[in-house]
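Each chain, letter by letter, is given below.
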Amino acid sequence: MTNELEIRINNIKKRIEQAALKAKRKTSDITIVAVTKTVDADTALAAFNLGLNNLGENRVQELKNKIQHIPGAYWHMIGRLQTNKVKDVVGQVRLIHSLDRWNLAEAINKRGVQLGIEVPVLMELNIAGEEQKAGFHPDDVQHFLDSVGQLKSIRVYGFMTVAPQVKNVEETRPVFRELSWLQDKFKSKIYSNVDLKYLSMGMTQDFDVAIEEGANIVRIGSAFFG
Ligand SMILES: *Cc1c(COP(=O)(O)O)cnc(C)c1O
């Protein structure tokens, strides 16, 4: 099992290097978040022991279990977050990727204030406008960034998106390109509590394309764990 996982990790790393090379970017600028949502805590621990020290979960209960099991990892919350579960996540993870609505930002801020910490988040954007998908509409980014300075315990470090599932991976490129473009556009302006340096985009289906388009965090699950 471990051996097979090791082979997969090496393959993915090679593909990341190739994509980075193609885009004339440094591999070391790209962080892999290994998404452990489909595997048990021991498998996640095996991945951590093989050097994948950023791990991601999309459910709070699983996140809590695995954090207990692997406290040394940098944890990432990548899934829909209910306001009543915010207390279990804030202060426990390195980055919340899935900030998708204003009232969640308020709840995260409130918890950050209670703990006396600054909470790092990414704004999740629904670029393709898929109805079933979470995320801010790109047209709402400006207003959010204008307002987030009121929430003193939040810091917005960039954007995250999930591309649509497609048959031909090239179809994801315009989605990633738009997220990159938005990042560049808003980077040139000054907002309080905002430091746009991360683009979290690309999964098993499409991480090569995402890297070519500027991703510096990729979230990969099934390519590692089957
Ligand atoms: C599951 C998940 C991933 C990883 O997906 P794979 O296709 O297994 O690589 C990435 N991001 C989010 C938000 C997810 O829920």
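Our structure is the block above this text.
Now for a description of the structure that goes with this document. Here the structure is a predicted model, which is why all the values come from computation and not from measurement.

Calculation rules
- Residues numbered from 1 in each chain as written.
- Predicted model: local features only at pLDDT ≥ 70, side-chain atom pairs only at ≥ 80, totals over all residues.
- Heavy atoms only, no water.
- Helix = DSSP H or I, 4+ residues; strand = E, 2+ residues; numbered from the N terminus.
- Contact = heavy atoms within 4.5 Å.
- Areas by Shrake-Rupley, 256 points an atom, 1.4 Å probe, with all protein chains shown as cover.
- Lys, Arg positive; Asp, Glu negative; His and termini not counted.
- Charge placed at Lys NZ, Arg CZ, Asp CG, Glu CD.
- 1 Å grid on protein atoms, 1.4 Å probe; cavity = no way out; pocket = protein on both sides within 12 Å on 5 of 7 lines; lining within 4 Å.
- Points joined across faces, edges and corners; volume = space filled by probe spheres on them.
- Nonpolar A, V, L, I, M, F, W, Y, C, P; charged D, E, K, R; others polar.
- Near = heavy atom within 4 Å.
- Polar contact = N/O pair within 3.5 Å; in protein donor to acceptor, adjacent residues only side chain to side chain.
- Expected span 1.5 Å × (residues − 1).
- Salt bridge = Lys/Arg side-chain N within 4 Å of Asp/Glu carboxyl O.
- Buried < 20%, exposed > 50% of the residue type's maximum accessible area, 1.4 Å probe, protein only.
- Arc of directions from axis to C-beta.
- Phe/Tyr/Trp six-rings, centres within 6.5 Å; stacked < 30°, edge-to-face > 60°.
- Lys NZ or Arg CZ within 6 Å of the ring centre and 35° of its normal.

A look at the overall build of the protein chain
A tally of helices and strands in the protein chain yields 8 helices and 8 strands. Viewed in the frame of its principal axes, the protein chain has a C-alpha envelope of about 50 × 40 × 30 Å. Relative to all contacts within the protein chain whose residues are 6 or more apart in sequence, the contacts with residues 24 or more apart total 59%. Only carbon and sulfur atoms are counted for the fraction: they give 46% of the accessible area of the protein chain, which is about 11,100 Å². Between the averaged position of the 30 positive side-chain charges in the protein chain and that of its 27 negative side-chain charges there is a distance of 3 Å.

Re unusual backbone geometry
Of all residues except glycine, most have a negative phi; of all peptide bonds, most are trans. Although it is not a glycine, Lys 24 adopts a positive phi angle of roughly 55°. A positive phi angle is found at Asn 193, which is not glycine, with a value near 65°. Take Asn 193: it is sitting in the loop between helix H6 (173-187) and strand S7 (194-200).

Some words on empty space enclosed by the protein
Applying the stated criterion across every chain yields a total of 1 cavity of 30 Å³ or more. Taken as a whole, the largest cavity holds about 30 Å³ of empty space. For the largest cavity, the full set of lining residues is Leu 125, Asn 126, Ile 127, Ala 128, Glu 130, Lys 133, Ala 134, Thr 161, Val 162, Pro 164 and Val 175. Residues belonging to the lining of the largest cavity are distributed by class as follows: 7 nonpolar, 2 polar and 2 charged.

Some details on the site of the ligand
Close to the ligand lie Val 35, Lys 37, Ile 78, Val 162, Met 203, Thr 204, Arg 219, Ile 220, Gly 221 and Ser 222. Measuring from an oxygen atom of the ligand, one finds a side-chain N or O atom of Lys 37 at 2.8 Å. One nitrogen or oxygen atom from the side chain of Thr 204 is found 2.5 Å from an oxygen atom belonging to the ligand. In isolation the ligand offers 390 Å² of accessible surface; the protein chains occlude 84% of this area.

Side note on helix H4 (residues 102-115)
For H4, which comprises 14 residues, the first-to-last C-alpha distance of 20 Å matches the rise-based estimate of 20 Å (1.5 Å per residue) to within 8%. Packed against the buried residues of H4 are strand S4 (95-99), strand S5 (119-124), helix H5 (141-147) and strand S6 (154-160). Positive backbone phi, at 70°, marks Gly 116, one or two positions downstream of H4.

Observations regarding the pattern of salt bridges
Scanning the entire structure with this criterion turns up 13 salt bridges. For the salt bridge of Glu 57 with Lys 66, the shortest nitrogen-to-oxygen distance reads 2.8 Å. Residue Glu 57 shares its accessibility class with Lys 66, and that shared class is buried. With a closest N to O distance of 2.7 Å, Arg 101 and Asp 100 form a salt bridge. Residue Asp 100 is classed as buried on the basis of its relative accessible area, which comes to 7%.

Concerning helix H3 (residues 60-69)
Residues of H3 that are buried: Val 60, Leu 63, Lys 66 and Ile 67. On an axial view of H3, the arc spanned by its buried residues comes to 130°, and they lie on one face. Residues of H3 that are buried sit in contact with helix H2 (41-49), strand S2 (54-57) and strand S3 (74-77).

Observations regarding the packing of aromatic side chains
Per the stated rule, a full pass over the model turns up 4 aromatic pairs. Between the aromatic rings of Tyr 157 and Tyr 198, the centroid separation amounts to 6.2 Å while the plane-to-plane angle is 50°, which identifies the pairing as tilted. Of the two residues, Tyr 157 is situated in strand S6 and Tyr 198 in strand S7; the sequence distance between them amounts to 41 residues. Taking the relative accessible area as the measure of exposure, Tyr 157 reaches 17% and is therefore buried. When the centroid spacing of 6.0 Å and the interplanar angle of 65° are considered together, the rings of Phe 224 and Phe 225 count as edge-to-face. Phe 225 matches Phe 224 in its accessibility class, with the two residues each being buried. One cation-aromatic arrangement involves Arg 94 over Tyr 74; the distance from NZ or CZ to the ring centre is 3.8 Å.

By themselves, these are just geometric observations and shouldn't be taken as functional.
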